[in-house]
Amino acid sequence: MDLFGEPFVADPFPTLEVLRDSAPVHHDPGTGLWLVSRYDDVRRVLLDPESYLPDNTQKAITRLSVPALRALAKAGFALPPALANNGGPSHAGLRRLVTRFFTTHKVAATAPLIEQCARELLAEAQADIAAGSVYDLSAGYAQRLPCRVMMRVLGIEGVSPQRLVAWSDAALELFYGRPRVERQVHLAEQVGDFYRWLMTRFTDGRCVDGLFGALREHRQPNGAALDRKTAVAVCFFVLIAGQSTTAQLISTVLRRAAADPGVWSRLATDDGFGEAWVEEVIRREPPMPRGSARIGRTADGICRSASAGTAARELSWPLPKQSWRCAWPRPCSRTWSWRRRSRPPCWACCRFGRRSA
C-alpha cells in the first residue's frame, strides 16, 4: 500500500476496507507509521492523550534532506508545542485564544464579508471567461476566498493573499506530502520565508490587534508571557489550517459538482441540496482526513506491537456517522449505520464523484 500512490488517492475505500478487516493496526514501512483504521480504535487513540501524545502532529511525513534542513535552520525555523502538537497545560489557553476569533457569533457576522469577497472573485472569473481565457476555479476562487476572509477576521496585514496561499501550499507539501529531494530545498526556502515574515510581524510591534496582538497579550498558566517561537508556531498553524483546509474543501465540492451535470443544476434550484452536498463531501473527502500521535506508552489492545516512542496515524475515511441518508440524485432513501459497515449499500446509486469522475 502506497499512501501517496494514485490508486489510494483516487479511491482509498477498497484499501481501507481490507485494512479494517485484516490489519486494523498496520505498520507502513514507507512512512514508518502505524496506521489505525477502525472507528472504535481511532476514537480510543484520540481520547487517550496519556498513551498517544500529539508531539509528532506537525513533523514531516517524508524524511527531509540535509539541504532542506539547512534551509529551515537558516531561517531559524522551529515549531515548539503550540496547538495541534501540544499536549501540555498551555494548550487549553492557546486554543481558547484562537477560538475567540471563530465563535458562532463572529462566524455568522462574517457572512456579508464572505459574500462580498465571493462576488468580487466571481466577477474576475466572469471577466476572464468573457475575454476567452480559461479560469481555474481552484486557484482563482477556492484558494483565494478563504484566505481573503481569514486575513480580515484575524487582522493579518502586510502580505498579499496570493503570497500567503503560496507559503501555505509549500508548507503542506513539504511536511505532509512526498516531494522529491531536489524540490524539498525550494519548499524549505518558501517555508523559511514564511517563518521569517511571521517572526518579524510578531516582534515589530506594529500589529496591536488581531491574532498577533492577542498572542502578545496572552499569558501562560504560570503567568509568563508567551515566547516568540511559540507565538509564531501558533500563527504558522492557524494561518495554514485556517485557510488551506477550507480552500481544499471548496475545491473538492466544485470539482465533484462539475463532474455531474445533474448535481450542478440541482445546486442552483434546490435550496436544501447544497448543504447536504457539502456535508457529504466533508464526510467522504475531509480536508484533514488523518491525525497522528506518538505512542507515549505501550497501549493495550491497539498497538501492542508498537513500542513507546513510535508513531501512530489514524486513517479516518469516511468520517464515521451514527446514521446516514442518501441526499444525492436518485436517492435510495435507506438509512445506514456507519458502525456496521465501511460504506453504505447505495454506493453505486449515489453517483458520488469518485465513481463518476
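Right, let's walk through the structure included here. Only a predicted model underlies this, so the values are computations on that prediction, with no experimental measurement involved.

## Some remarks on the overall build of the protein
In terms of helices and strands, the protein carries 16 helices and seven strands. Per-residue burial for the protein yields a buried fraction of 46% across its 357 residues. Taking the contacts inside the protein whose residues are at least 6 apart along the sequence as the reference set, 65% of them involve residues at least 24 apart. Split by element, the accessible area of the protein, about 18200 Å² in all, is 54% carbon and sulfur.

## Some points on the nonpolar core
Judged by nonpolar contacts, the single largest core of 48 residues is most densely connected at V191, F194, W197, L198, L215, F236 and L239. Mapped onto this core, the elements with two or more residues apiece are α4 (66-74), α5 (91-99), α9 (144-154), α10 (161-176), α11 (181-203), α12 (210-217) and α13 (228-258). Ignoring anything within four residues of it in the chain, the contact list for L198 reads F212, V232, C235, F236 and L239. Listed in part, the 12 residues of the second largest apolar core include A125, Y141, I250 and L254.

## Details of the pairing of strand β2 (residues 33-36)
Consecutive side chains along a regular strand alternate between the two faces of the sheet. Neither face of β2 is open: one carries L33 and L35, the other W34 and V36, and all of them are buried. Pairing between strand β1 (residues 25-28) and β2: four bridges, direction antiparallel. Paired with V25 across the strands is V36, a residue of β2. Where β1 hands over to β2, the hairpin turn is made up of four residues, of which G32 adopts a positive phi near 75°.

## So, the packing of α10 against α13
The axes of two packed helices give the description: the angle between them and the distance between them. It is at 10 Å that the axes of α10 and α13 come closest, and there the two elements cross at 100°. Considering their axes alone, α10 and α13 lie roughly perpendicular with respect to each other. Of α13, the residues touching α10 (which contributes L164, V165, S168, A171, L172 and F175) are F236, L239, I240, Q243 and S244. Of the residues belonging to the contact of α10 with α13, the class tally is eight nonpolar, three polar and no charged.

## Some words on the packing of aromatic side chains
The full count for this structure, using the stated rule, is eight aromatic pairs. With a centroid separation of 5.5 Å and an interplanar angle of 70°, the aromatic rings of F77 and F236 are classed as edge-to-face. Of this pair, F77 sits in the loop between α4 and α5 while F236 is found in helix α13, placing the two residues 159 residues apart along the sequence. Comparing F77 with F236, the two get one shared label, buried. Look at W197 and F212: their rings are 6.3 Å apart centre to centre, the planes differ by 80°, and that puts the pair in the edge-to-face class. Linking W197 in helix α11 with F212 in helix α12, this pair joins segments that are 15 residues apart in sequence.

## A short note on the pattern of salt bridges
Side-chain pairs of opposite charge can arise whenever the charged atoms involved come near each other. Overall, the coordinates contain eight salt bridges when judged by the stated rule. Two residues, R148 and E120, come together in a salt bridge whose shortest N-O distance is 3.2 Å. In this pair, R148 is assigned in helix α9 and E120 in helix α7 (residues 111-130), connecting sequence segments 28 residues apart. The partner of R283 in a salt bridge is E280, and the shortest N-O contact between them spans 2.1 Å. In this pair, R283 and E280 both sit in helix α15 (residues 271-284), three residues apart, roughly one turn of the helix. Each of the two residues, R283 as well as E280, counts as buried. If you follow the salt bridges from partner to partner, you end up with E120, E124, R144 and R148 in one network.

## Considering α4
Buried residues of α4: A68, A71 and L72, and no others. The arc enclosing the buried residues of α4, seen along the axis, measures out at 95°, which places them on a common side. The outward face of α4, more than 90 degrees from its buried face, is lined by the exposed residues R70, A73 and K74. Where α4 is buried, its residues contact α10 and α11.

## A word on the environment of G242
Examined against the element boundaries, G242 turns out to sit in helix α13. The spacing of G242 and L154 is 88 residues in sequence and 10.0 Å in space, taken between C-alpha atoms. Beyond its immediate stretch of four places on either side in the chain, G242 contacts M150 and F237.

## Topic: the packing of α11 against α13
Where α11 contacts α13, the axes come no closer than 10 Å and their chain directions differ by 120°. Relative to α13, the element α11 is oriented oblique. For the crossing formed where α11 meets α13, the hand is right-handed. The segment α11 lies against α13, with V191, F194, Y195, W197, L198, M199, F202 and T203 engaging R228, K229, A231, V232, C235, F236, L239 and I240. Residue composition of the contact of α11 with α13, by class: 13 nonpolar, one polar and two charged.

Criteria and thresholds
The residue count restarts for each chain, going from 1 along the sequence in the order it is written. Reporting in this predicted model follows two pLDDT cut-offs: at least 70 for local features of residues, and 80 or more for side-chain atom pairs to be given and counted; totals over whole chains, interfaces and linings ignore these cut-offs and use all residues. By convention in this description, side-chain values take in all heavy atoms of the structure and omit both hydrogens and water. A run of DSSP states H or I qualifies as a helix once it reaches four residues; a run of E qualifies as a strand once it reaches two. Both are numbered from the N-terminal end. Summary of the burial criterion: residues with accessible area below 20% of their type's maximum are buried, those above 50% are exposed, and those between are partly exposed, where the area comes from a 1.4 Å probe applied to protein chains only. Contacts are residue-level and defined by heavy atoms, with any inter-residue pair within 4.5 Å sufficient. Computed with a 1.4 Å probe, the accessible areas rest on the Shrake-Rupley method; for each residue, only the protein chains presented here act as cover. Within this scheme, the nonpolar core is defined by two criteria: the residues are buried Ala, Val, Leu, Ile, Met, Phe, Trp, Tyr or Cys, and they are joined through side-chain atoms within 4.5 Å. When DSSP finds two or more bridges between a pair of strands, those strands are recorded as paired. What counts as an axis is a line fitted to C-alpha atoms, over the stretch in contact for a helix, and the angles between N-to-C directions run from 0 to 180 degrees. Note on terminology: angles under 35 degrees are roughly parallel, angles over 145 are roughly antiparallel, angles of 65 to 115 are roughly perpendicular, and the others are oblique. Polar here means any residue other than Ala, Val, Leu, Ile, Met, Phe, Trp, Tyr, Cys and Pro, which are nonpolar, and Asp, Glu, Lys and Arg, which are charged; Gly is therefore polar. The criterion for an aromatic pair is that two Phe, Tyr or Trp rings (for Trp, the six-membered ring) have centres within 6.5 Å, with stacked assigned to planes under 30 degrees apart, edge-to-face to planes over 60 apart and tilted to the rest. Counted as salt bridges are all cases of a side-chain nitrogen of Lys or Arg within 4 Å of a carboxyl oxygen of Asp or Glu. This arc is taken over the directions from the axis of the helix to the C-beta atoms. Crossing handedness is defined as follows: a turn of the near helix away from the far one that is anticlockwise and smaller than a right angle gives a left-handed crossing, while the clockwise case is right-handed.

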